[in-house]
Structure formats: structure tokens, C-alpha cells
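A look at the structure
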Amino acid sequence: MADQDPNQPTYSIGEVRERTGLSSRQIRYYEAMGLIESLRTNGKHRRFTEEMIDRLLTIKELLKEKSSIEAVRQALQQPGAGQSGLQKKTPALPRYPQMSRQGLTSLYPVSNRADLLAMIQWLEGQKKMKTNQDP
DNA sequence: ATTCTCACA
DNA sequence: TGTGAGTA
């Protein structure tokens, strides 16, 4: 029972960009808007933990429903907004938020690839949890 | 090569 | 938001 590494892996903005499908511009912008915080390396280069990436993913989905930064910020302040509500305790059954709603029909659009990636990662998280209480 | 900040089409 | 300039 020791899965708390002292050094949680961090990612460059470039990796975060590929994993979230967000542009570096957007990532920096959301940070400037106070929607997300980031770590800084020796220089000034941003560094993101998986929690932050998770939050970014939440922001991305939230921006589709809400259409203003303000609305997203408030939704984020409420508990269970991805950061600690996504893979902490999931009483409900596995159902990916935005995806299952419209369905994935093509992998061509870059944004879809990012969404698929996010969904897979989310699925992996569910699997890891299940593997501990497998009947 | 990659990211950073700032500013402008 | 994207993109280019000039750095670190």
C-alpha cells in the first residue's frame, strides 16, 4: 500500500498539449485566468502533474457546456470536478462524460484523438480500481 | 529542439 | 486563438 511516490511525474507543456488536445496557448491562457495552476522549473518552464492534466481535461469538457471562463471556474470550485472526483470514489458505473453522449465516429480529427486518449486513460483508471476488488 | 513572454494580424 | 519575434 505504498503508491505515493515522492516525485510524481510531471509533463512539459508539449506533452500536456498532446495528451489533452489543447493548444499550448490555451493551456497558458487558462492558467492566466486562474483556472489551473502549474509548477515551474528552474527557468520558467511549466510543469504539470497528472492531477493538473486531469483538471485541464475537465476544463476542456466544461468549456463545451459552459461558454465563459467564469462559468468554468465556478464549476471547478465545486467538489467532484475531475481533480479529485474522477478517480477517487466512483459509485456510478463507468461512463465517460462527453464521449458516450455523441459517440466516436472518426479518428481523423485531432481533437477526437485527444478525446479518445483521455477516455482510454480514464478507462485505465477504472480498471486499476476494479483490479483491487475483483470478485 | 522546446518553452517563455509579449504583441499583433 | 493563432502565430511570430527574440530569449533562455
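Source: prediction; values computed, not measured.

Criteria and cut-off values
Residues numbered from 1 in each chain as written. Chains lettered and ligands numbered in written order. Predicted model: local features only at pLDDT ≥ 70, side-chain atom pairs only at ≥ 80, totals over all residues. Heavy atoms only, no water. Near = heavy atom within 4 Å. Polar contact = N/O pair within 3.5 Å; in protein donor to acceptor, adjacent residues only side chain to side chain. Helix = DSSP H or I, 4+ residues; strand = E, 2+ residues; numbered from the N terminus. Axes fitted to C-alpha atoms, helices over the stretch in contact; angles between N-to-C directions. Parallel < 35°, antiparallel > 145°, perpendicular 65-115°, else oblique. Left-handed = near helix turned anticlockwise from the far one by under 90°. Contact = heavy atoms within 4.5 Å. Nonpolar A, V, L, I, M, F, W, Y, C, P; charged D, E, K, R; others polar.

Things to note about the protein's contact with DNA strand B
- Taken together, Ser12, Ile13, Gly14, Arg17, Arg25, Arg28, Arg40, Lys44, His45 and Arg46 make up the full set of residues adjacent to DNA strand B.
- The protein-proximal atoms of DNA strand B, defined as those within 4 Å of the protein, are 83% sugar or phosphate.
- Measuring from a phosphate oxygen of DNA strand B, one finds a side-chain N or O atom of Arg28 at 2.6 Å.
- A distance of 3.2 Å is found between a phosphate oxygen of DNA strand B and a side-chain nitrogen or oxygen belonging to Arg40.
- Taken together, the elements giving at least two residues each to the surface near DNA strand B come down to helix H1 (13-20) and helix H2 (24-32).
- It is H1 that contributes the most residues to the surface near DNA strand B, 3 residues altogether.

Some points on the packing of H1 against helix H3 (residues 50-65)
- H3 packs onto H1 with a crossing angle of 45 degrees between their chain directions and a minimal axis gap of 10 Å. The pairing of H1 with H3 is recorded here as oblique in orientation. Crossing hand, H1 versus H3: right-handed. For the pair H1 and H3, the contacting residues are Val16, Arg19 and Thr20 in the first and Glu50, Ile53, Leu56, Leu57 and Lys60 in the second.
- Partitioning the contact of H1 with H3 into residue classes produces 4 nonpolar, 1 polar and 3 charged.

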